[in-house]
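# Close look at the chain arrangement
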Amino acid sequence: QVQLVESGGGLVQAGGSLRLSCTTSGSTSSINAMGWYRQAPGKQRDMVASINSVGTINYADSVKGRFTISRDNGKNTVFLQMTSLKPEDTAVYYCNVVRAFIPYWGKGTLVTVSS
């Protein structure tokens, strides 16, 4: 089992920045990938950014150039630096970890971007 705890969400004005963190605990060996998803009200949960065990990074087209994912392997922590935030970035952001090809999810942190 892997436990995930997100932090860093909040209310920010459009154009502002936030940094999300996801700390893992439990069985953190053999993590294949870590990443962030988001779910806006009434919409499906979509991938925002991911980073795998060899450092390959993927971003959703909507956040490219604005969001940066990074990972502290020693602490099994993943971060999402979000800049130039837009109202359409408003969502609950979920941390995702894949370990031994099994996905685990955090409870989410709310990001609200006001116009």
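The preceding data block contains the structure.
A brief report on the enclosed structure follows. (Residues numbered from 1 in each chain as written. Predicted model: local features only at pLDDT ≥ 70, side-chain atom pairs only at ≥ 80, totals over all residues. Heavy atoms only, no water.)

### Focus on the pattern of salt bridges
Cut-off, in case you're wondering: Counted as salt bridges are all cases of a side-chain nitrogen of Lys or Arg within 4 Å of a carboxyl oxygen of Asp or Glu. The helix and strand labels rest on DSSP assignments: H or I over at least four residues marks a helix, E over at least two residues marks a strand, and numbering proceeds from the N terminus.
Following the criterion strictly, the structure yields three salt bridges and no others. A salt bridge links arginine 38 to aspartate 89; its shortest N-O distance comes to 2.9 Å. Of the two residues, arginine 38 is situated in strand E4 (residues 31-39) and aspartate 89 in the loop between strand E8 (77-82) and strand E9 (91-99); the sequence distance between them amounts to 51 residues. Salt bridges here are not isolated pairs; linked through shared partners, they connect Arg38, Arg66 and Asp89.

### A few points about unusual backbone geometry
Note the cut-off: In this scheme, a residue with accessible area under 20% of its type's maximum is buried, one over 50% is exposed, and one in between is partly exposed, where area comes from a 1.4 Å probe on protein chains only.
With a phi angle near 50 degrees, serine 84 is a residue other than glycine that sits in the positive phi range. Along the polypeptide, serine 84 turns up in the loop between E8 and E9. Residue serine 84 is classed as partly exposed on the basis of its relative accessible area of 41%.

Worth remembering: the numbers are spatial, not functional.
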